[in-house]
Amino acid sequence: MWFFILAELLVFGVFFLAYAFARTRNVELFNASQLELDQLSGAINTVLLISSSYFVVRAVDQIRHDRSRSCAYWLIAAMTCGGTFLALKLVEFGAKIEAGISMSTNTFFMFYLGLGFFHFMHVVLGMVILGAVTLKAWKGGYSATSYGGVETGAAYWHMVDLVWIILFPLIYVLH
Amino acid sequence: MKYKSQAVAKPYFIAAIGLFLGQIVFGLIMGLQYVVGDFLFPAIPFNVARMVHTNLLIVWLLFGFMGAAYYLIPEESERELHSPKLALAMFWIFLVAGAATILGYLLVPYASLAKWTGNDLLATMGREFLEQPLPTKIGIVVVALAMLYNLSMTVLRGRKTTINLVMLIGLWGLAIFFLFSFYNPGNLVKDKYYWWWVVHLWVEGVWELIMGAMLAFVLIKVTGVDREVIEKWLYVIIAMALISGLIGTGHHYYWIGAPEYWQWWGSVFSALEPIPFFMMTVFAFNMVNRRRREHPNKAAVLWALGTGVMAFLGAGVWGFLHTLAPVNFYTHGSQITAAHGHMAFYGAYAMVVMTMISYTMPLMRGRAANSRISQVVEMWSFWLMTVAMVFITLFLTAAGILQIWLQRIAAEPMSFMAAQEQVSLFYWMREVSGLIFLVGLVLYIASFFIKGKSEAATA
Amino acid sequence: MMKAATFQWLILLAMTAVAVGLSQASLSDNAILAPVLLTTLVKGRIVIDRFMALQGAIAPWRWIVLGWLVVVVGLIGFAFHMAQT
Ligand code: HEM
Ligand code: HEM
Ligand SMILES: [Fe+2]
């Protein structure tokens, strides 16, 4: 799993830098386009992902104390945050598409939509992983001595969070 | 050999090697036509020779994959093949269809061939690698489906291992992606999309699964390293191959009329494609270093290691060389592409098939390994072919750099043919290397006929 | 132990608020660059070391992931700085 996480971080890292350096050649365009973003939605999403990450930490802690049920509850809380994140993101993308903006509009929107969508798919995958872990935890499939699955799922989810923690200031905030 | 039915692999491998020889002969004909334009005019025009060269390549690799699958799947599933008869019947159908197609290319003008074989019912012909007439394409699908049925039944009823599942998924993917070759839209951009979805998704997608499974199989056998270790590697390799390879298709969308953002997505993802190839190299060396036994078949071990290295060089290094959009802007469709195509196809797929043949052929002929002398000859052939291919690649790369410079960058760019004239020395050297390659291949074939005292008869 | 995690979570939230606040406060572009990147760095480190629990983990992983964070954030800073001058 750690190998994948590193590979994913590598891809995102390359894209972040591509964004940053592509911007140097087109600062005005990037700054102007950035104003059209919904910063509030982005900020709420940051709060959601950070909180979900925290809930996942709690879930891991619960299973260490052999409390399968409450582990599952914390995971469900995390997934609720993740689900809300996805919903907000869809609204945000929907508004952009409504406004006639696409990946071909300009380089800024290519990155905004492309990276956003790529990250979106990672949240979806993360949800699937957490969902599977939750189910197993609910059925009592983990214990204080054997909870590798929970930790692995948690690591993946934190990676998704970590990426967003950089993505948000990079694309929504810095100008 | 544990199961009788594994022996159906033998005719597949023999056919593969025979067609390989044909491929090289036509390669050499073309190589000469590059510098002596009217060689064999008008009997074999360049475009026909090219079609024969590349189609033979694909067909012999398919023979190799099928043979490998028929050998590997029963052994991994620990039961006889579902139907050896079906496998043998498919062999003959495929061989006859393949031979008829090649003869068709050589004896009939391509346009007439198209007319006679119903290309106006469903136009599928005329695209590189996928030139086959409609009946041949349908034949390929039938043969593939019959094979998949045969193999899937074997796996379903038998032991399921990572190796046979990966192999099976790879073969299913191969068959499914081939279906894109039946759609040939009039819109040139769409046409290119569908073409790449066969060509790219094959060599940089599902074929990597097939290759990984074959390599893992041989490595387990010759090194005796624990299956768990090898399977872990296999998982990571194929996952990386799929992640990078699918979106990496974008490295063919740069200049075909696709949206501009593909220059970013194609560049970044295809830049990761060397990783699985690099891992295969590390994998092969790692396993051989940790070996628990000295397998008497030294030649097979050499092929396995060679596959790792050459696949990484050809696909990974030479692929990376021109995969970033700003570089590809200059190198697109030049001799650099040809250099990469040659080393990648040889290093990855030709060599992995020969690895498999090298390991299985002695077993199918009733011995653990060939005699010392026969193995020495085989290893010579390995070095001759591999070194010759390295030189072919280097000469083509040199020709490519010069070509790009003269034709695309210089202050007063030359016309295409004038630039070709300038680099003809490299084409001569390529042809000489090609002859050495042929010598290597002939030695390889000869090694099968050398008897000598056979080594210990245990597997 | 979970108290610490709760505290870290609150820090993460606060830092997000600071970054958004800074960008709303229509300060000059130069002024927000450093603080925003700094909050990002701190947030990233918390997630890596505490949430992913890589602090104290087997050596290479932590340094690779932390190294990734520093290199990416650092180069972003460099690129944005270049764009301003
Ligand atoms: C074993 C694996 C591979 C094989 C057999 C292979 C083979 C080929 C062949 C035959 C072509 C020429 C297609 C044509 O006729 O236009 C080609 C093109 C190309 N390949 Fe590969 N390839 C492999 C892996 C890779 C990898 C890993 C990369 C990137 C890192 C790569 C990058 C490219 C690029 C960029 C082109 C387009 C060249 C152009 O614009 O003319 N290939 N490949
Ligand atoms: C050994 C002597 C060989 C010679 C002299 C030779 C020569 C050639 C020539 C002249 C072309 C046409 C290039 C063009 O259209 O301008 C070609 C294409 C090709 N050959 Fe070979 N070849 C040889 C061996 C091989 C081998 C061993 C392989 C693979 C295992 C191979 C794979 C290919 C492929 C994939 C293409 C299509 C490349 C593309 O589309 O860019 N060839 N070869
Ligand atoms: Fe490709």
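Peer 1: Could you clarify how one ought to interpret the coordination of the iron atom of ligand 1 in this entry?
Peer 2: Geometry reference: four tetrahedral donors at a metal, ideal angle 109.5 degrees. Six octahedral donors, ideal angles 90 or 180 degrees. Residues and elements named next belong to chain B. For the iron atom of ligand 1, the protein contributes exactly one donor atom, H340 (NE2), at 2.0 Å. A separation of 4.3 Å is found between the iron atom of ligand 1 and the iron ion (ligand 3). Here H340 lies in helix α13 (residues 335-364).

Peer 1: Before we go on, may I ask you to explain the interface of chain B and chain A in this structure?
Peer 2: Accessible area lost upon the coming together of the parts is a frequently used measure of interface size. Every contact between the two is made by 14 residues of chain B and, on the other side, 17 residues of chain A. At the boundary of chain B with chain A, the tally comes to zero salt bridges. Where chain B touches chain A, the interface holds zero residue pairs in polar contact (both at pLDDT 80 or more). Looking at the side of chain B that touches chain A, the elements with two or more residues in it are α8 (227-248), α9 (262-272) and α10 (274-289) of chain B. Along the lines of polarity and charge, the residues of the side of chain B that touches chain A split into 14 nonpolar, no polar and no charged.

Peer 1: What is the right way to look at the interface of chain C and chain A in this model?
Peer 2: Across the contact, 40 residues belong to chain C and 39 residues belong to chain A. Roughly 3600 Å² of surface becomes buried between chain C and chain A when both sides are summed, with 83% attributable to carbon and sulfur atoms. Linking chain C with chain A are zero salt bridges. The interface formed by chain C and chain A includes six residue pairs in polar contact (both at pLDDT 80 or more). In terms of residue count, helix α3 (residues 59-84) of chain C provides more of the side of chain C that touches chain A than any other element does, 15 residues in total. Classifying every residue of the side of chain C that touches chain A by side-chain character gives 31 nonpolar, seven polar and two charged.

Peer 1: I'm lost on the environment of A:Y112 in this one. Help?
Peer 2: Residue and element names in this part refer to chain A. Mapped onto the elements, Y112 comes out in helix α5 (residues 107-138). When its relative accessible area of 2% is taken as the criterion, Y112 is described as buried. If we skip the residues at most four places from it in the chain, Y112 touches L37, E92, F93, K96, I171 and Y172. A distance of 2.6 Å separates the side chain of Y112 from the side chain of E92, its partner in a polar contact.

Peer 1: Looking at this structure, I do not really get the site of ligand 1. What am I missing?
Peer 2: Residue and element names in this part refer to chain B. As a matter of local geometry, ligand 1 sits amid 26 residues, with E128, H332, G333, T337 and H340 nearest to it. At 2.9 Å from an oxygen atom of ligand 1 is found a side-chain nitrogen or oxygen belonging to N328. The contact in question runs from an oxygen atom of ligand 1 to an N or O atom on the side chain of T337, over 2.7 Å. Of all the secondary structure elements, the ones that give two or more residues to the shell around ligand 1 are α7 (188-223), α10, α11 (298-321) and α13. Among the elements that make up the shell around ligand 1, the one with the highest residue count is α13 (seven residues). Taken together, the residues of the shell around ligand 1 break down into 11 nonpolar, 12 polar and three charged.

Peer 1: Help me out: how do you make sense of the environment of C:V18 in this one?
Peer 2: As for its position among the elements, C:V18 is in helix α1 (residues 2-24). Classification of C:V18 by relative accessible area gives partly exposed; the value is 43%.

Peer 1: Looking at this structure, how should I read α7(B)?
Peer 2: Every α-helix carries 3.6 residues per turn, so stepping three or four residues along brings you back to the same face. Residue and element names in this part refer to chain B. For α7, built from 36 residues, the straight-helix expectation of 52 Å at 1.5 Å per residue is met to within 8% by its first-to-last C-alpha distance of 49 Å. For α7, the buried fraction is high: 30 of the 36 residues fall into the buried class. Two or three places before V189, at the opening of α7, N187 has a side-chain oxygen 2.8 Å from that residue's backbone nitrogen. G224, located one to two residues past α7, shows a positive phi value of around 70°.

Peer 1: Help me understand the site of ligand 2, please; the structure alone is not making it clear to me.
Peer 2: All names here are of chain B. Surrounding ligand 2, one finds 22 residues, the nearest of these being Y34, R50, H53, E128 and H342. At a separation of 3.4 Å, a nitrogen atom of ligand 2 approaches a polar side-chain atom of Q23. One of the side-chain nitrogen or oxygen atoms of E128 is found 2.6 Å away from an oxygen atom of ligand 2. Residue assignment for the shell around ligand 2 shows that the elements contributing at least two residues are α1 (9-35), α2 (46-77), α13, α14 (372-409) and α16 (424-447). Here the shell around ligand 2 takes six residues from α1, the largest share from any one element. The residue inventory of the shell around ligand 2, partitioned by class, reads 12 nonpolar, six polar and four charged.

Rules used in this analysis
- Residues numbered from 1 in each chain as written.
- Chains lettered and ligands numbered in written order.
- Predicted model: local features only at pLDDT ≥ 70, side-chain atom pairs only at ≥ 80, totals over all residues.
- Heavy atoms only, no water.
- Donors = N, O, S within 2.8 Å, 3.2 Å for Na, K, Ca; no water.
- Helix = DSSP H or I, 4+ residues; strand = E, 2+ residues; numbered from the N terminus.
- Contact = heavy atoms within 4.5 Å.
- Salt bridge = Lys/Arg side-chain N within 4 Å of Asp/Glu carboxyl O.
- Polar contact = N/O pair within 3.5 Å; in protein donor to acceptor, adjacent residues only side chain to side chain.
- Nonpolar A, V, L, I, M, F, W, Y, C, P; charged D, E, K, R; others polar.
- Buried area = accessible area lost by both parts, 1.4 Å probe.
- Buried < 20%, exposed > 50% of the residue type's maximum accessible area, 1.4 Å probe, protein only.
- Near = heavy atom within 4 Å.
- Expected span 1.5 Å × (residues − 1).

Remember, this is a structural readout, not a statement about activity or role.
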